[in-house]
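Now for the letters of each chain:
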Amino acid sequence: MQTKHFKLDPNNIDQEIIKQASSIIMQGGLVATPTETVYGLCANALDKEAVSSIYTAKGRPSDNPLIIHIATKEQLLQLTNNVPPIAYKLMDAFWPGPLTIILPKSDIVPYDTTGGLETVAIRMPNNNIMLELIKNSTPLSAPSANISGRPSPTKYSHVVYDLDGKIDAIIDGGACTYGIESTIIDVTTDTPCLLRPGSITVSMLQSVIGDFDIDSTITANTVLQETPKAPGMKYKHYSPSASVTVINGTQFELPNYINSLAKQLNDNNKKVGVLSTSENVHLYDTSICDVYDLGTIQDLNTISSNLFAGLRYMDYLNKDEILAEGITTNDEGLAIMNRLVKSSGYNIITID
Ligand code: TXA
Ligand code: MG
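Residues numbered from 1 in each chain as written. Chains lettered and ligands numbered in written order. Predicted model: local features only at pLDDT ≥ 70, side-chain atom pairs only at ≥ 80, totals over all residues. Heavy atoms only, no water.

Caption draft 1: Representation of the overall build of the protein chain within the structure. Along its length, the protein chain carries 11 helices and 16 strands. Taking 20 Å as the expected radius of gyration for a compact globule of 352 residues, we find that the protein chain reaches 20 Å, a close match to that expectation. Along the longest, intermediate and shortest principal axes, the C-alpha atoms of the protein chain span 60 × 50 × 35 Å. Across the 352 residues of the protein chain, 57% fall into the buried class. Partitioning the contacts of the protein chain with sequence separation of at least 6, the portion at a separation of at least 24 is 67%. Entry remark: accessible area of the protein chain is about 14500 Å², with carbon and sulfur atoms responsible for 47%. (Helix = DSSP H or I, 4+ residues; strand = E, 2+ residues; numbered from the N terminus. Rg over C-alpha atoms; globule rule 2.2 N^0.38 Å. Buried < 20%, exposed > 50% of the residue type's maximum accessible area, 1.4 Å probe, protein only. Contact = heavy atoms within 4.5 Å. Areas by Shrake-Rupley, 256 points an atom, 1.4 Å probe, with all protein chains shown as cover.)

Caption draft 2: Representation of the side chain of Asn338 within the structure. Topologically, Asn338 is positioned in helix H11 (residues 333-343). At a separation of 3.5 Å, a polar atom in the side chain of Asn338 contacts the main-chain carbonyl oxygen of Ile218. (Polar contact = N/O pair within 3.5 Å; in protein donor to acceptor, adjacent residues only side chain to side chain.)

Caption draft 3: Structural detail: the pattern of salt bridges. Tallying each qualifying case throughout the model produces 10 salt bridges. For Asp172, the salt bridge identified is with Lys7, shortest N-O distance 3.4 Å. With a gap of 165 residues between them, Asp172 in strand E8 (residues 169-172) and Lys7 in strand E1 (residues 4-7) connect regions that are remote in the sequence. The exposure class of Asp172 is buried, given its relative accessible area of 14%. Residue Lys263 pairs with Asp267 through a salt bridge whose shortest N-O separation is 3.2 Å. You can see Lys263 and its partner Asp267 sitting in helix H9 (residues 254-267), 4 residues apart, about one turn around the helix. Taking the relative accessible area as the measure of exposure, Lys263 reaches 42% and is therefore partly exposed. On the basis of relative accessible area, Asp267 is assigned to the exposed category, the value being 53%. Several salt bridges share partner residues, and in doing so they unite Arg150, Asp162, Arg312 and Asp315 into one network. (Salt bridge = Lys/Arg side-chain N within 4 Å of Asp/Glu carboxyl O.)

Caption draft 4: Main features of the sheet that holds strand E15 (residues 321-325). The strand order across the open sheet built from 5 strands is E14-E13-E15-E12-E16, with neighbouring strands paired in parallel fashion. Single-partner strands in this sheet number two, and they are strand E14 (289-295) and strand E16 (348-350). Shown here is a sheet whose adjacent strand axes are inclined to one another by a mean of 20°, direction ignored. As judged from the 5 bridges shared by strand E12 (residues 243-248) and E15, these two strands associate in the parallel manner. Paired with Ser243 across the two strands is Glu321, which belongs to E15. Sitting on the sheet, helix H10 (residues 300-316) touches E12, strand E13 (272-277), E14 and E15, and the angle it makes with E14 is about 160°. (Pairing = 2+ DSSP bridges. Axes fitted to C-alpha atoms, helices over the stretch in contact; angles between N-to-C directions.)

Caption draft 5: Summary view of the packing of aromatic side chains. Applying the stated rule across the entire model yields 3 aromatic pairs. Residues Tyr238 and Phe308 carry aromatic rings whose centres are separated by 5.4 Å and whose planes lie at 25° to one another, so their mutual orientation is stacked. Residue Tyr238 is found in the loop between strand E11 (213-214) and E12, and its partner Phe308 is found in helix H10; the two are separated by 70 residues along the sequence. Each member of the pair, Tyr238 as well as Phe308, is classed as buried. An angle of 45° between the planes, with centres 5.7 Å apart, marks the rings of Tyr292 and Tyr313 as tilted. A residue pair is termed long-range when its members are at least 10 positions apart, and Tyr292 in strand E14 and Tyr313 in helix H10 qualify at 21 residues. Of note, Lys105 hangs over the ring of Tyr111, and the distance from its end group to the ring centre comes to 4.3 Å. (Phe/Tyr/Trp six-rings, centres within 6.5 Å; stacked < 30°, edge-to-face > 60°. Lys NZ or Arg CZ within 6 Å of the ring centre and 35° of its normal.)

Below is the structure:
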């Protein structure tokens, strides 16, 4: 397939391009476009065939449901018949923004979108390109625009690498602000439950709705015993071609430990890349590894926005092994470490 490539400035949107992209969507096609979290692969959420072509393009298991993206609260009321007061509180506080809310689905939502579930995941993204696309077409089902299992795309070049030739169009709208996928909260149960951590943090949610449950698999640091409540969270995820090891320890002991590990791997003819916080970047021995600067530990948003790009960069350098500094699990660190640990397949070393 010949993929069309468009370029859009989110602050000065060319409506002619939005029209072309919307028309591709309304004809059942697939368009990748940036959101504030990661690039999404969009299709008409109410068109079964269009939705099923998302699964084909990504190589995604069919029991892994999709998030529906809306631009107005009226659209919400087409997709669900039951919005509890707590959901309104969350929407008022965080929409448009990186929060997905699980609600009971209405009849017009195809089971192809929900992976056979009676519930539907909905969010209103905070990105002008995506919002314009929805306003000019329909609510959009959009998973991250990567081949299933790979790190989510946070730049146009990542989408091109994974999906060029497999989808109808890709919109270059610049880099994504947050860099990790939306927080997901289920409000269909008596006590709400956090299913995926993201940039809307636990304490931000608590300040609006009080206490809620946290799916136990989110904080798991070992191979999972239980099945996560968000079906997609059980699959191997966010993984580059290189194998990833996460090293936990204090900021000060990490460089020495990682340097000696890199040396051992190097002696075994492995090419090593290190994902480092800015504070430690200059402490690595660049004769045995390449180092990617994730950003300062003082600014977790910068680290989240660089994480997937860092993993993909090491593949670009053809590394065999990625050694990643573990960081705090406080605030946005919970989401960052959730993605990093999963990208490693739970391959974690904790320095004694
Ligand atoms: O930030 C995001 O959420 C990005 C952008 C493109 O919006 N999208 C995204 O989609 O991350 P995806 O498909 O990569 O992840 C969707 C997650 C999966 O873990 C899936 O299992 C879960 O949402 N999910 C979807 N519908 C669900 C439902 N009804 N119940 C529980 N989990 C659900
Ligand atoms: Mg994904």
